[in-house]
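# Chain and residue survey
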Amino acid sequence: MVGLTAVPASAVYVPPTAAATLVTANPADNTPHAQNGSMRAFAQIGDIVYAGGSFTGVKAAGASSWSAANNLIAYNINTGAIQTGFAPVLDGAVQTLAVSPDSKLIVGGSFGTVNGVARKNLVELDPGSGATVASWAGRGDGGTVRRAIVQGNNLYIAGAFHWVNGTQHSLLARLNATTGAIDTTFQIDASGARPYPNSSELVWGLAVAPDGKTVVAVGNFTTVNGNARNQVVMIDTSTGTPTVANWVTDRYVAACASDAFPFYARDVDFSDDGSFFVIVADGASGDAYCDATARWETADRGTNVKATWVAYTGRDSVTSLEVADGVVYVAGHFRWQNNANGVDAKGDGGVDRYGVAALDQQNGRPIAWNPTRSPGDALPADGVSWGAIVWELWKGPNGLFLGQDSDGLGNEYHGRLGYFPDSGGRAIGVLDAPKTATGYLYLGTSTGTVKKVAYTGTGLGTPATSSQPQLTGAKAAFALSNKLVWAKADSSTSSGSVLNISVFSAGAAGAPWVGSGYNSWFPAASLTGAFYLAGRLYYTTSTDNALFYRYLTPDGYIVGDTAYTLPTSGIDWHTVRGLTWVSGKIVYGSTGGSLRTVGFDPAAATAVVGANSTQLAASSTAATWNNPTLFFATS
């Protein structure tokens, strides 16, 4: 088979299918522009957006001239109007923004003075004027504050500091968000830079679970409170005294391109329900999760935790992410997603995604959302078309903000920042295999016809011929919601195959269309059986005694770049001809023409135990069950 073959990314967990909501792919036209440098942080209070970074000028959308503005601005989300009354003066970069419980603006970064007064790296500002809130006690006196997150009345901060409020805290601290007072119960200290050139200790990314019980930090460190933790640490904050959790993975230990990337775990974020978190990385290549996005289950514990899924770019950096509304948004200096087979080039499975993408939370494959970081032909003479870093993705109340070091977004000019509103986006419903226990089996027989057989889960009805003129030349086929996905030979593609899609209604397949132009590499016509279930395409071939799966996202029908082998016993899979799933069991035909069924649990140590299979029907003149076109439908 084309592409990598591997053991499953997770042998014990298959994420549930869930609905999602995408923001629009068309960035708002009224967002202001920053002149230079980079935009790195966002916050919103009411209709006012605060945008911070390292820059020296701004202008409203459509304006011809720049106005001086250093490192932090405010503008109206509805009109784009820059709020000139908000005029703080910071002498260094803003790295992070948060909103306090009493609706003040908390600012972290790399600065030494605020509004002309010494105030290092952490400050609270009045959101209307930008004046310093003198009574707020927080002080980042020991180094850069890279991240600040408010959860309840807790303010978590992370960065390259060793002192906060005059007390020793190494890279991590927790404060009272309302008063800025240090929380003395939180003494979680990260340290020990990775042993590579140009390496210095810091925490770069930070996430707090929505229930406040778990914190994950990523960055350049090797020890946390005396425990070996390389680049990633999970902190248990569910009790009065936070502790380092028993969560360790080896996937961020090995070097990537260590001279340029002493550390590579760049950002982390939790899902809205807190059940999982995602880590993104740069780093080029190596025996680790370099240039990749990986999902991890929050409840997992142990000394060798495995990712649920991993998505590679093909040696391009991922620098920021946001998990929101059932979607994993990622951004960076990448050109492709689903590209484990490419090395600085588009390999088999690679999907064009220029700098920003939306991934299916269930399997990490790209869904049909592709604004790009390109300015198209709208870049001004002094603009930057393609920068190395997207510093921030942040989901606000009504849309997704992006801060970067270049000026292109959605094939338009957007100087260093952009905004994708919820308005104009779309919902993605729950799409999966039919879940009923009774229905109909459809068996390919000859061109344009199939046998339709009622199926109760234990018994079969009398086969009847069903005309299906749209399924001419069909090979392996499977039902997915109200669609039928089916393979067909096509000599015009590189693999000699296409995956067609037809609406399947009232027992009839409609006119087909090609599911995705990105699947031409996949030899779908060689499959001897296939079914879809919970984000995965399971299949067999005539040459391999194995039950394979690849990830597949129904929103765009992208086939995963890597083939995984499920642990099974007692079935000679290369003799299978026709394969479908019905209510927890696989139903399959064979070269001998009989039809059998067997229990299926992809999360079990042995997903299929052939000794437990039973025969449903022998080969007969009424139906010979030896055709790769075998699928289950409810009508």
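Within every chain, residues take consecutive numbers counted from 1 along the sequence as written. This being a predicted model, a pLDDT of at least 70 is required before a residue's local features are given, and a value of 80 or more before pairs of side-chain atoms are given or counted; all residues contribute to the totals for chains, interfaces and linings. Each side-chain value is worked out from all heavy atoms of the structure, with water and hydrogens disregarded.

## Some words on the overall build of the chain
Quick reminder of the rule: Comment: elements are numbered from the N terminus, with helices defined as DSSP H or I runs of at least four residues and strands as E runs of at least two. Note on exposure labels: buried denotes an accessible area under 20% of the residue type's maximum, exposed denotes more than 50%, and partly exposed covers the range between, all computed with a 1.4 Å probe on protein chains only. Here, Shrake-Rupley sampling with a 1.4 Å probe gives the accessible areas, and only protein chains in the shown set may cover a residue. None of His or the chain ends enter the tally, which takes Lys and Arg as positive and Asp and Glu as negative. Here the site of a charge means atom NZ of a Lys, CZ of an Arg, CG of an Asp or CD of a Glu.
When helices and strands are counted, the chain shows zero helices and 60 strands. Each principal axis of the C-alpha atoms in the chain carries an extent, and together these give about 90 × 55 × 40 Å. Every one of the 635 residues in the chain was classed for burial, and the buried ones make up 57%. Within the structure as shown, the chain displays about 21,500 Å² of accessible surface, and the carbon and sulfur contribution to it stands at 51%. Here the chain contributes 37 positive and 44 negative side-chain charges, whose respective centroids are spaced 7 Å apart.

## Topic: the pattern of salt bridges
Formally: Take a side-chain nitrogen of Lys or Arg and a carboxyl oxygen of Asp or Glu: if they are within 4 Å of each other, that pair is a salt bridge.
Under the counting rule described, the total for this entry stands at 17 salt bridges. Across the salt bridge formed by R174 and D183, the nearest N and O atoms sit 2.7 Å from each other. Like D183, R174 is buried. The salt bridge partner of R373 is D405, with a shortest N-O separation of 3.6 Å. On the criterion of sequence distance, the pair formed by R373 in the loop between β34 (356-360) and β35 (390-396) and D405 in the loop between β36 (399-404) and β37 (408-409) is long-range, its members being 32 residues apart. An identical accessibility class is assigned to R373 and D405; each is buried. Through salt bridges with shared partners, a single network forms among R147, D267 and E392.

## Some remarks on the pairing of strand β14 (residues 145-151)
This is how it is decided: In this analysis, strands are considered paired if DSSP registers two or more bridges between them.
As defined by bridge partners, β14 adjoins strand β15 (residues 154-159) across six bridges and the pair is classed as antiparallel. For A148, the partnering residue across the bridge sits in β15 and is I157.

## Side note on the nonpolar core
As a rule of thumb, soluble globular proteins bury nonpolar side chains together. For clarity, the cut-off: Within this scheme, the nonpolar core is defined by two criteria: the residues are buried Ala, Val, Leu, Ile, Met, Phe, Trp, Tyr or Cys, and they are joined through side-chain atoms within 4.5 Å. We call two residues contacting when some pair of their heavy atoms lies within 4.5 Å.
Grouped together as the largest cluster of nonpolar side chains are 35 residues, with contacts concentrated most on V330, L547, I586, F600 and V608. Other than its neighbours up to four places away in sequence, V608 contacts L547, P567, T568, S569, I571, W573, I586, V598, G599 and F600. Grouped together as the second largest cluster of nonpolar side chains are 26 residues, V232, W247, A265 and F277 included.

## Considerations on the state of the cysteines
Which entries qualify depends on this criterion: Cysteine sulfur pairs qualify as disulfides if the two atoms are within 2.5 Å.
One pass over the full model with this rule turns up one disulfide. Two residues, C256 and C290, share a disulfide whose sulfurs are 2.0 Å apart. Measuring handedness by torsion sign, the sulfur bridge of C256 and C290 sits at about -90° and is left-handed. Here C256, found in the loop between β25 (243-244) and β26 (265-270), pairs with C290, found in the loop between β27 (276-281) and β28 (292-297); they are 34 residues apart in sequence, far enough to count as distant. No difference in accessibility class separates C256 from C290, as the two residues are buried.

## Some points on the sheet that holds β15
Selection rule: Axis lines are fitted to C-alpha atoms, over the contacting stretch for helices. Their N-to-C directions set the angle, which ranges from 0 to 180 degrees.
As summarised here, the arrangement of the three strands in space is β14-β15-β18, forming an open sheet in which the pairing is antiparallel. What marks the edges here is a single partner per strand, and that holds for β14 and β18 (172-176). Each neighbouring strand pair of the sheet contributes to a mean axis angle of 20°, computed without reference to strand direction.

## Focus on the sheet that holds β36
Across the sheet, which stays open at both edges, the three strands sit in the order β35-β36-β39 with antiparallel pairing between neighbours. Two strands bound the open sheet, and with one partner strand each, they are β35 and β39 (417-421). In this sheet, neighbouring strand axes are inclined to one another by 15° on average, regardless of whether the strands run parallel or antiparallel. By the bridge criterion, six bridges tie β35 to β36 in an arrangement that is antiparallel. Bridge pairing in β36 places L393 opposite L402.

## Description of the environment of A617
By secondary structure assignment, the location of A617 is in strand β59 (residues 614-617). Note: C-alpha distance between A617 and G515 (102 residues apart in sequence) is 33 Å. Setting aside its immediate chain neighbours within four residues, A617 contacts L460, S594, L595 and W625.

## Here we look at the packing of aromatic side chains
Using the following cut-off: A pair of aromatic rings is counted whenever rings of Phe, Tyr or Trp (Trp by its six-membered ring) have centres within 6.5 Å, and the orientation is called stacked for planes under 30 degrees apart, edge-to-face for over 60 and tilted otherwise. Distance and angle both matter: a charge sits over a ring if NZ of Lys or CZ of Arg is within 6 Å of the ring centre and within 35 degrees of the ring normal.
Considering all chains together, one arrives at 32 aromatic pairs under this definition. Note on Y252 and Y289: the rings are 5.9 Å apart at their centroids and 85° apart in plane angle, and the pair reads as edge-to-face. You can see Y252 sitting in the loop between β25 and β26 and its partner Y289 sitting in the loop between β27 and β28, a full 37 residues away along the chain. Residue Y252 shares its accessibility class with Y289, and that shared class is buried. Measuring from centroid to centroid gives 6.4 Å for Y289 and Y312, while their planes differ by 75°, and the two rings are edge-to-face. Of this pair, Y289 sits in the loop between β27 and β28 while Y312 sits in strand β29 (residues 309-312), and the two are 23 residues apart along the sequence. You can call Y289 buried: its relative accessible area is 9%. Overall, Y312 belongs to the partly exposed group, its relative accessible area being 25%. The residue whose ring lies beneath R266 is W204, and the NZ or CZ to ring-centre distance is 5.5 Å. Above the face of the F276 ring, R295 is positioned so that its terminal group lies 3.7 Å from the ring centre.

## Details of unusual backbone geometry
Positive phi outside glycine occurs at S103, with the angle close to 65°. Here S103 lies in the loop between β9 (93-99) and β10 (105-110). Residue S103 is classed as partly exposed on the basis of its relative accessible area of 36%. Positive phi, normally seen in glycine, also occurs at S481, with a value near 60°. Here S481 lies in the loop between β44 (474-480) and β45 (483-489). The exposure class of S481 is partly exposed, given its relative accessible area of 36%.

## Focus: the pairing of strand β60 (residues 630-633)
In regular strands, side chains alternate between the two faces of the sheet. Side chains L630 and F632 project from β60 onto one buried face, and the interleaved F631 and A633 project onto a second face that is buried too. Two elements, strand β41 (residues 439-446) and β60, share four bridges in a ladder whose sense is antiparallel. Note that in β60 the partner of Y442 across the bridge is F631.

## Some remarks on the side chain of N338
The topology assignment puts N338 in the loop between β32 (336-337) and β33 (351-352). Taking the relative accessible area as the measure of exposure, N338 reaches 0% and is therefore buried. The residues touching N338, leaving out its near neighbours within four places in the chain, are Y312, D348, G349, G350, V351, R365, P366, I558, V559, G560 and D561.

## Observations regarding the environment of F261
Mapped onto the fold, F261 is located in the loop between β25 and β26. Taking the C-alpha atoms as reference points, F261 and L22, 239 residues apart in sequence, are found 32 Å from one another.

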